[in-house]
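Observations on the three-dimensional arrangement
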Amino acid sequence: MQRPRGAAWGECVSSQASKTSFRGPVLNWTKHALISLSFGGAIGLMFLMLGCALPIYNQYWPLFVLFFYILSPIPYCIARRLVDDTDAMSNACKELAIFLTTGIVVSAFGLPIVFARANLIEWGACALVLTGNTVIFATILGFFLVFGSNDDFSWQQW
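The following paragraphs examine the structure supplied in this document. Treat the numbers as computed from the prediction; the structure is a model and nothing was measured.

In this section: the overall build of the protein. Scanning the protein from N- to C-terminus turns up 6 helices and 0 strands. Ordered by position from the N terminus, the helices and strands of the protein form the series α-α-α-α-α-α. Taken across its 158 residues, the protein has 30% of its residues classed as buried. The long-range fraction of contacts in the protein, counting pairs at least 24 apart against all pairs at least 6 apart in sequence, stands at 61%. Working note: accessible area of the protein is about 10700 Å², and carbon and sulfur atoms make up 67% of it.

The following block contains the structure:
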């Protein structure tokens, strides 16, 4: 396809291409949300790696918080599968899942502090890991807020 006169590079040059590239405002919004969430996850993991791999710290004990990142959404995902959302009242299964998730998140914040108090890692590394924890758990929360509803773009389809 040739570029028509006056059209800049990257502009749509064919009416057929413009018809097929439009996906609607909902897909565009979810695409931006997914890109933002992946960027947040990358920034959080960068803080975690900086807390481990910088030459002044050079201890890899904080990588144990990766287990908490993996474990934190599991109770809520299981509860969402088992619980019917038809009643307006909160039920015990969802509350137990939120309680377990809260315990996992608090443990992820407590582990670097315990490591720093035991002199396994430096306090600067602890601060970097806690910053990474904040960003990662905010990203996980954002994922459930964006894709947690039962519409066409739900995370339950994955």
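So, about a nonpolar patch on the surface. On the surface, a cluster of nonpolar side chains totalling about 880 Å² of accessible area is made up of Trp61, Phe64, Phe67, Ile70, Leu71, Ile74, Ile78, Leu82 and Leu120. Elements with a minimum of two residues in the nonpolar patch: helix H3 (65-71) and helix H4 (74-82). In this fold, Ile70 is placed in helix H3.

What counts, and at which threshold
Residues numbered from 1 in each chain as written. Predicted model: local features only at pLDDT ≥ 70, side-chain atom pairs only at ≥ 80, totals over all residues. Heavy atoms only, no water. Helix = DSSP H or I, 4+ residues; strand = E, 2+ residues; numbered from the N terminus. Buried < 20%, exposed > 50% of the residue type's maximum accessible area, 1.4 Å probe, protein only. Contact = heavy atoms within 4.5 Å. Areas by Shrake-Rupley, 256 points an atom, 1.4 Å probe, with all protein chains shown as cover. Patch = residues over 30% accessible without salt bridge, like charges linked within 9 Å, V, L, I, M, F, W, Y side chains within 5 Å. Salt bridge = Lys/Arg side-chain N within 4 Å of Asp/Glu carboxyl O.

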